[in-house]
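What follows is each chain in one-letter form.
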Amino acid sequence: MPRNTHRAVHHYRPHVITVPPAQVVADGRRLMRPGGAYGLAVAFFGLLFLLGVVGFILRLSGGTEHRAGWAYFAATIAFILSTFQAAPVVAVAGRLAKGHWRRPVARALEMCSLAGLVSVLMVIPAALVLPPTFGRPSLYFDSPLGIPLVWNLVILGALFLAGLGLVFLSARPDRAMVEASEGDLSGAGAWPGTTRQWRVLEKGMTLLSAFYLMAYVGAHTVFSTDFVMSQVPGWHSAIFPALHGIDGLQAGCATAILVMALVRRFGRLEAYISVDPFWGVSKLMLALTLLWMYFHYAEFLTLWYGRTPREIAVLTLLYGGPYLGLFIVEFLFVWLIPFIMLLIFPVRRSIGGNVVVALSILFGLLLDRIRLYSAAFSVEDVFEHMLETVPGPYIPDLVDIMILAGGISGAVLVYLLAVRLVPLLALWEVRQALLLSRAIPYLRTEATVVAKPE
Amino acid sequence: MQERPVLSDRQINRELLDFVLHTPIWFWGVLMLLGLVFGAGFVAVVYLIATGVGVWGENWPVMWAFEITNFVFWVGISHAGVMISAILRLTQAEWRRPVTRAAEVLTVFALATAALHPAVHVGRFWRVIYWVFPYDFFRGIWPNVRSPLIWDPSAIFTYLTGSSLFIYSVLIPDLAVARDRSTGWRRTFYGILALGWRGNPRQWRLQTLAGILLSGLILPVFVSVHSIVSFDFAMALVPGWHSTVFAPYFVIGAVWSGVAAVATLMAILRFMFKLHNYIRPDHFDALGRLLLVVGNAWFYFFLLDFIFGLYAREETEVKIWQARIFEWPFNALFVIFLLTAYILPVPLLMMRSVRRSVTMMFLTSVLINIGMWLERYILIVPALQYKQVLQFSWSTYQPQLPEWGLVIGSFGLVALGVFLFAKIFPIIPIYEQKESQVFAAEVKVGKVTVPGVIRE
C-alpha cells in the first residue's frame, strides 16, 4: 500500500502540462488528421442529418398552418442554442477571468459555436411559421419593423459569427505552426507572430469573447420571447428570457463536460486535459443547477401567488395539466439527479461522474425544450387576451423525431467537419501554459506556481 | 504587471494593528462628526415616535416611500460582503485578501441598519414584537405568515446571524495576534474573544474548514434575503411591482450597489489608515472588472423589467412607466438614475486608467450608489401613486424633514459602526496578508520574471 495516501487524496495540486513544445504541435497536427472512427462518425451523423432534411421536407409539404407540427422544429433550434452554442460560454468566461484551466479545452469548446450554422439555417423556416406579431404582445409593440424572421436571423447570425470569429482568430497561430511543422511556410508568412500580431490577437479574443456573451444573452431573449412566450396569451413573465438563458448555461456546462471527455478520450489528450477543467466546470454546473431552481421558483411563485385567472391558465399549461408528467421527468433529470450527484465531492472531481451528470442534464433539457415549445405552439388563438382554453398535449410523430435527431446530428456533423480544419487543441494557449505554470519544490512536497503576467 | 511589496510579518503586524492599539487625535474628530450625522437620524426617529407617522410625507396610497427605499438600499449594500468574501474565497481569488473583512463588516452594519427601518416604519416599533413572534398560544393568535413583517425579519436575522458568525470565525487568528501584542484590559478582551487560539495545525485546519463551509452555506442565504425583500413587492398585485423578474433583479442590483460600496469603503480606508501597502491599484482594478460584469448584468435585468412591464400594454402599467419617465419630479430623477447607475459608470469602468485610480474608483462607486438609491425610489413611489384605477384616489408624495433625517442618519449609523469596528479590530485580515506573502512566487519566462502565485 502506498504511503501518504491521505496526503495524496486531500492535497491535490493543479495539473501542470509537461509535454515538450514540439510535441504539442505534433499533437495538434495529429488531431487534424483523425483516423478510422472519425469517418464512421461522419457517415453516421451525416445519415441522420439527411433523415432530418427529409423530415423537414415532409413537414414543409404539410404546410405551415398547423403550427403545432413545427414545435419540435423550434425545440431543436432551442436545444442547439442551449447546448452547442452555450458551451463556448464556459471557455469565454474562463478567458475573461484569466483562468489557466481553460487552456487545453478552450478550442474544443469554442468550436461548438460553429454548430450555430444549423440553428441559423433552421430559424428561417421556423420564423415563417410564427403568426403575425401585429395585434398581440410581442417584443416589437406592433411596430412595422416587428419581423421575427429578421431579428432572430440577426441575433442568431451575430452569435454564430462571433463564434466563427473566435475560432478563426485563435486558430491563426496554430495553423501557421502546424503548416510550418509540415514544411509549408506560407501560413507562417501570414502569421510571423510579431508583437503587434499577438497584441491584436489577445485584444481581439477579449472583445469577441465579450461580444459572444452579449450575443448569447440577446439570442435567448429574442428567440425565447418570439417562439414561446408571445405565443401564449396572458403570459407576461419578465424573467422568462433570463430563465431560458440560465437553463441554457447549465446545459452548456454539461455539453462542455461531454465534449471535453470525448476529445480527451478519442483525441488521446490525457497529458493535456487532466481532471482540473472537469472539476472547474462542475463547480459552475452546480451553481447553475441551483440557479435553475431559483429562476423557476421565482417565476412559479410570483404567478402562483398572484392567482389571477390568466396566471393560473399559464401555470396550468406549463406545469400542470397536459405537460405535468413531462415536467416531473424533466425535473428529475435536469435538477434533482444532478443536484444530488454534484453535492458529492468525488463526483465533482471525477471525469466519469461528471459525464453521468452531464448526460442527465442534457436529457432533462431536451425534455424541457420539448415541453415549452410544444405547449406554446399548441395554442390555437394567439390573439386572445388570456389563455381561455388550455390545449391538450402535443404527441410527436415520426417526422418530429426525424427533425429532432437530424437537427442535433447536423450540429454534431458541423463540429466533426471543422475538426479537420482547425486543431482541437489551442496550441499557442497550451504553449503559454508550459511557460506560465510550473511545479516547484515546496517544503517537503511540490506545489504548482501559476504566473500572472497581467 | 502586478505590484507586490514584500512585507515582513513584523511589519504587517505593526501596520495593521497600529490603529487598533493606538488612538490618534483625529479619531475623536471623526467620531464626533459621524456621531452628529447619526444623531440627525436619532432625533428624527425620536420625533417620529413622540409625534406619530403623520410627520412623514406619506399619504394613502403612497404608504411606502423614503423609509422603505432606504431599507431596500441598505439590504442591497449588505450583499457586498458575503458576495465578495464567500465567492472569492471559494474561487481562491488572490485579490480578495485585503477586501474581505471590510466587505463583511459593511454587510453586518448595513443589514442591522436596514432591519431598523421596517420597525421604525410602523411608527410604534414595540408592537413589532407581537406582529413577528407568536405571543399568545392559548387564544390562537398567530402572526400573519403572509405578511412581509414576517418574511423580512426571518430572512434578515438569518443573514445577520450567519454573517456575524462568518466574520467572527475568520477574525479569530487576528484576535490572537492582537491579544499577544496588547496589555491590560485589551489583552483580556482579545484573549477572551480569541478562544485560546494558538495557531496549531489542527486549529488552522478547523478555521479553514469553517471558512469554506460558512462561505458555501451563506451564499444561498445571501440570495434568499434580497429575493424575499423583492417578494414584498412582487407578490402584491400592484402594477409595476408584480413582476416575475424582481427576485434576480433585486439580487443583482444589490450586488451592483454593494460591490460599489465596498470600493468606496476601500478607498476611504486606504486614505484614512494609510493602507497603501495593502489596498493597491490592483485591487481596485479587480473590483472594477467585477463591477463591469455585475453592472451589465444588472442593466439586462432592468431592461427585462422595463420591456416586459410594457409588453402587455396594460393601462395602469403603462401609466406607471409614463410617470417614472415623463412626470415631474420622477423624470428628472429617472435621468439622474440612468446616468449615475449605468450610463456614466460602465464606460468609466471600461477604462483601465479609471479602474486603477483610487480617486476615480471612489467617485464612480459613489455615482453608482446614488443611482441605485434613486432606482429603488423610482420603483416604489410612482407604482403606489397610481396603483388605484380611479383617479380620485391617486396621490403624490413629498418627503418631509424627519424622513431626510432618517436617511442621513442611517448613513451615519453604518459609517460609525464600521469606523468603531476598525478601531477595535483589524480591518484588514492580518493572517490573510501573511498568507499572501507565503503564496507569492515568481516564474522566469525567458529574460523576464513574472509574478505568480502558488495554487492550492
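Residues numbered from 1 in each chain as written. Chains lettered and ligands numbered in written order. Predicted model: local features only at pLDDT ≥ 70, side-chain atom pairs only at ≥ 80, totals over all residues. Heavy atoms only, no water.

Quick notes on the overall build of chain B
Within chain B one finds 18 helices and two strands. The C-alpha radius of gyration computed for chain B amounts to 23 Å, which stays within 12% of the reference 23 Å derived for 456 residues, consistent with globular compactness. Taken across its 456 residues, chain B has 57% of its residues classed as buried. Expressed as a percentage of contacts within chain B between residues at least 6 apart in sequence, the contacts between residues at least 24 apart total 78%. Once the 35 positive and 26 negative side-chain charges of chain B are each reduced to a mean point, those two points are 9 Å apart. (Helix = DSSP H or I, 4+ residues; strand = E, 2+ residues; numbered from the N terminus. Rg over C-alpha atoms; globule rule 2.2 N^0.38 Å. Buried < 20%, exposed > 50% of the residue type's maximum accessible area, 1.4 Å probe, protein only. Contact = heavy atoms within 4.5 Å. Lys, Arg positive; Asp, Glu negative; His and termini not counted. Charge placed at Lys NZ, Arg CZ, Asp CG, Glu CD.)

Considerations on the sheet that holds strand 2 (residues 445–451) of chain A
Across a sheet, paired strands are connected by hydrogen bonds in the backbone, their directions being either parallel or antiparallel. As summarised here, the arrangement of the four strands in space is 1(A)-2(A)-2(B)-1(B), forming an open sheet in which the pairing is antiparallel. The open sheet is flanked by strand 1 (437–442) of chain A together with strand 1 (440–445) of chain B, the only strands paired with a single partner. Neighbour to neighbour, the strand axes of the sheet diverge by 45 degrees on average, direction disregarded. Bridge count for strand 1 of chain B against strand 2 (residues 448–455) of chain B is six bridges, and the pairing is antiparallel. (Pairing = 2+ DSSP bridges. Axes fitted to C-alpha atoms, helices over the stretch in contact; angles between N-to-C directions.)

Side note on the confidence of the model for chain A
Residues and elements named next belong to chain A. With 96% of its residues at a pLDDT of at least 70, chain A reaches an overall mean of 91. Looking over chain A, one finds the lowest element-wise mean pLDDT in helix 1 (residues 5–10), namely 46, and the highest in helix 4 (residues 71–82), namely 97. Counted against residues more than four places away or in other chains, residues 1–9, with its pLDDT under 50, gives two contacts. (pLDDT = per-residue confidence, 0-100.)

Quick word on the pairing of strand 2 of chain B
As defined by bridge partners, strand 2 of chain A adjoins strand 2 of chain B across four bridges and the pair is classed as antiparallel. Along strand 2 of chain B, the bridge assignment pairs A451 of chain A with G452 of chain B. Here strand 1 of chain B folds back onto strand 2 of chain B, and the loop between the two strands holds two residues, one of which, G446 of chain B, carries a positive phi near 60 degrees.

Quick look at helix 13 (residues 309–318) of chain A
Among the 10 residues in helix 13 of chain A, seven count as buried, and that is most of the element. Among the residues making up helix 13 of chain A, those that are buried are R310, E311, A313, V314, L315, L317 and L318 of chain A.

Looking at the interface of chain B and chain A
Each partner contributes residues to the interface: chain B has 40 residues there, and chain A has 46 residues. Both faces combined, the contact of chain B with chain A buries some 3,600 Å², and carbon together with sulfur accounts for 67% of it. Considering only the surface of chain B that becomes buried against chain A, T244, F308 and Y311 of chain B emerge as the three largest contributors, covering 21% of it. Applying the counting criterion to the chain B and chain A interface returns two salt bridges. A salt bridge links R310 of chain A to E314 of chain B; the nearest nitrogen and oxygen atoms lie 3.9 Å apart. For the pair chain B and chain A, the interface holds 12 residue pairs in polar contact (both at pLDDT 80 or more). For the side of chain B that touches chain A, the secondary-structure elements that each account for two or more residues are helix 9 (201–234), helix 10 (246–273), helix 11 (281–311), strand 1 and strand 2 of chain B. Broken down by element, the residue count for the side of chain B that touches chain A peaks at eight residues, all from helix 11 of chain B. Split by residue class, the side of chain B that touches chain A holds 27 nonpolar, six polar and seven charged. (Buried area = accessible area lost by both parts, 1.4 Å probe. Salt bridge = Lys/Arg side-chain N within 4 Å of Asp/Glu carboxyl O. Polar contact = N/O pair within 3.5 Å; in protein donor to acceptor, adjacent residues only side chain to side chain. Nonpolar A, V, L, I, M, F, W, Y, C, P; charged D, E, K, R; others polar.)

Focus: the confidence of the model for chain B
Per-residue pLDDT for chain B averages 89, and the proportion of residues at 70 or more is 96%. Across the interfaces of the predicted complex, the ipTM metric reaches 0.92, alongside a pTM of 0.93.

Observations regarding the pattern of salt bridges
Applying the stated criterion across every chain yields a total of 29 salt bridges over all chains. Of the charged contacts in the structure, one is a salt bridge between R369 of chain A and D247 of chain A, with a shortest N-O distance of 3.5 Å. Here R369 of chain A is found in helix 16 (residues 351–378), whereas its partner D247 of chain A is found in helix 11 (residues 240–266), with 122 residues between them in sequence. Exposure remark for D247 of chain A: the relative accessible area of 1% places this residue in the buried category. Salt bridges linked by common partners bring R89, E94, R96, R97, E104, E432 and E435 of chain B together as one network.

Digging into the environment of S61 of chain A
Within the secondary structure layout, S61 of chain A lies in helix 3 (residues 36–61). In terms of polar contacts, S61 of chain A uses its side chain to reach the backbone carbonyl oxygen of L58 of chain A, at 2.5 Å.

Regarding a nonpolar patch on the surface
All names here are of chain A. Residues L117, L121, I124, L128 and L153 make up a contiguous nonpolar surface patch of roughly 420 Å² in combined accessible area. Broken down by element, the nonpolar patch gets its largest block of residues, four residues, from helix 7 (residues 116–129). Looking at the secondary structure, you find L121 in helix 7. Overall, L121 belongs to the exposed group, its relative accessible area being 53%. (Patch = residues over 30% accessible without salt bridge, like charges linked within 9 Å, V, L, I, M, F, W, Y side chains within 5 Å. Areas by Shrake-Rupley, 256 points an atom, 1.4 Å probe, with all protein chains shown as cover.)

What about the pairing of strand 2 of chain A?
All names here are of chain A. Counted residue by residue, strand 2 has five buried out of seven residues, so it is predominantly covered. Here six bridges tie strand 1 to strand 2, and the two strands are oriented antiparallel to one another. Within strand 2, the position partnered with P441 by the bridge is E446. The antiparallel pairing of strand 1 with strand 2 creates a hairpin that spans two residues between the two strands, and L443 there sits at a positive phi of about 50 degrees.

Some points on the nonpolar core
Among the nonpolar cores identified, the biggest contains 286 residues, and F227, Y373 and F377 of chain A together with W298 and I427 of chain B are the most heavily contacted of them. The element contributing the most residues to this core is helix 10 of chain B, with 18 residues. Those residues in contact with F377 of chain A, other than ones at most four positions away along the chain, are R67, A68, W70, A71, A74, V129, L130, F227 and Q231 of chain A. Core analysis: the next-biggest nonpolar cluster, separate from the first, contains 11 residues, L436 and A451 of chain A together with F439 and I454 of chain B among them. (Core = buried A, V, L, I, M, F, W, Y, C linked by side-chain atoms within 4.5 Å.)

Overview of the packing of aromatic side chains
All told, the structure shown has 64 aromatic pairs over all chains when counted by the stated rule. Centre to centre, the rings of W235 of chain A and F240 of chain A are 4.7 Å apart; their planes meet at 55 degrees, and the pair counts as tilted. Residue W235 of chain A shares its accessibility class with F240 of chain A, and that shared class is buried. Their ring planes at 15 degrees and their centres at 4.7 Å tell us that W335 of chain A and F339 of chain A sit as a pair that is stacked. Taken as a pair, W335 of chain A and F339 of chain A lie in helix 14 (residues 324–343) at a separation of four residues, close to a single helical turn. For the pair formed by W335 of chain A and F339 of chain A, the shared burial category is buried. By way of ring pairs, the aromatic residues W298, F299, F302, F306, W321, F334, F337 and Y342 of chain B are connected into one cluster. In this arrangement the basic side chain of R265 of chain A is found over the ring face of F266 of chain A, its NZ or CZ atom lying 5.2 Å from the centre. For the cation-ring pair, R349 of chain A lies above W279 of chain A, with the distance from its terminal atom to the ring centre recorded as 5.2 Å. (Phe/Tyr/Trp six-rings, centres within 6.5 Å; stacked < 30°, edge-to-face > 60°. Lys NZ or Arg CZ within 6 Å of the ring centre and 35° of its normal.)

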